[in-house]
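Structural features, examined
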Amino acid sequence: MKPRYFAAALTSLAITVAHAAPAQNCSLALSIGLDISRSMDSTEFSLVFQGTAQALRDPQVQALVLSQPGRIALTAFEWGGQTHQRVIEGWTLMRSKEDIEVFAEEISNHGRGSMGQHTGTGSAVEFGYKQLSTGPQCERLVVDISSDGYNNDGPAPTDFYATGPANSFTVNALVVGGKSRPVLWNWFANEVIHGPGAFSVATFGFEDYAEAIKEKFLREMQPSVLIAKSE
């Protein structure tokens, strides 16, 4: 096992042990899945990853994270085809501005793990759920899925929901290009988002990704709020 991934595994284990106590010690566990499938060129990849880091560095987002009665824990992974999921940064409790900045920097500096990947949305959702199952015990468990296309490799998200866990976790989505492709946005609303308070947001393209993911973070990081499902 590579040192970085061994360290990430140890971090995940340490947080799990430390927070096996009451859920109110952690208000939200958020597993952020970023699409790197072949429909994205290098510029679009940069807009997604830099946009996510930019949103985490936003003063409004940071203030919300640090004002929680319980901590927020984050992990991030890239995903492509059915068999490609790669952890970018393991579970980290956001105790300070520095914690958020370091996490954002890891995303900002991340190099694309693989080119030519299909889009395995169902497998990405399942991987995000497995991340939650090994992470801290929190009041809310959320997987974030961002993508610009339909599932075309492996099981659909609904296949996992049909055979997997009950509605103990939430899947929210950021649909890149969904405002200009309403059929795609509707597919995410009907097939991908899942669980208590699930919702989706969309962009016109990659250029407004940073603003959209900031909006999504501000919405889903609100303490003890079940946000109405939206399309």
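Residues numbered from 1 in each chain as written. Predicted model: local features only at pLDDT ≥ 70, side-chain atom pairs only at ≥ 80, totals over all residues. Heavy atoms only, no water.

**What to know about the packing of helix α3 (residues 59-66) against helix α4 (residues 97-108)**
Put simply, the rule reads: With axes taken as lines fitted to C-alpha atoms, and helix axes fitted only over the stretch in contact, angles between N-to-C directions fall between 0 and 180 degrees. Runs of H or I in DSSP of at least four residues are treated as helices and runs of E of at least two as strands, each being numbered from the N terminus. Here the angle decides the label: under 35 degrees means roughly parallel, over 145 means roughly antiparallel, 65 to 115 means roughly perpendicular, and every other value means oblique. In a left-handed crossing the near helix is turned counterclockwise from the far helix by less than a right angle, and in a right-handed crossing that turn is clockwise. In this description, contact between two residues means that some pair of their heavy atoms is separated by no more than 4.5 Å.
For the pair α3 and α4, the least separation of the axes is 10 Å and the interaxial angle reads 125 degrees. Put simply, α3 runs oblique to α4. Here α3 runs over α4; the crossing is right-handed. On α4, the residues that touch Q62, V65 and L66 of α3 are K97, I100 and E101.

**What about the pairing of strand β4 (residues 140-147)?**
Here is the rule we go by: Burial classification: accessible surface area is computed with a 1.4 Å probe over protein chains only, and a residue below 20% of its type maximum counts as buried, one above 50% as exposed, and the rest as partly exposed. A pair of strands is labelled paired if DSSP reports no fewer than 2 bridges between them.
Of all 8 residues in β4, 7 are buried, a share of seventy percent or more. Bridge count between β4 and strand β5 (residues 170-175): 6 bridges; the pairing is parallel. Note that in β5 the partner of I145 across the bridge is A173.

**Let's talk about empty space enclosed by the protein**
The following threshold applies: Whether a set of points on the 1 Å grid over the protein atoms alone is a cavity depends on a 1.4 Å probe fitting there but being unable to get out, while an open set qualifies as a pocket with protein on both sides within 12 Å along at least five of seven lines; lining residues are those with an atom within 4 Å of a point. Grid points are joined across faces, edges and corners, and a volume is the space filled by probe spheres set on the points. Side-chain classes are defined by residue name, with Ala, Val, Leu, Ile, Met, Phe, Trp, Tyr, Cys and Pro counting as nonpolar, Asp, Glu, Lys and Arg as charged, and the others, Gly among them, as polar.
One pass over the full model with this rule turns up 1 cavity of 30 Å³ or more. The space that makes up the largest cavity amounts to roughly 30 Å³. Partitioning the lining of the largest cavity into residue classes produces 5 nonpolar, 2 polar and 2 charged.

**Some remarks on the environment of C26**
Tracing the chain through its elements places C26 in strand β1 (residues 26-35). Taking relative accessible area as the criterion, C26 reaches 0% and is therefore assigned buried. Separated by 110 residues in the primary sequence, C26 and P136 place their C-alpha atoms 7.5 Å from one another. With near-sequence residues (within four places) excluded, C26 lies in contact with G70, R71, A73, P136, Q137, C138 and E139.

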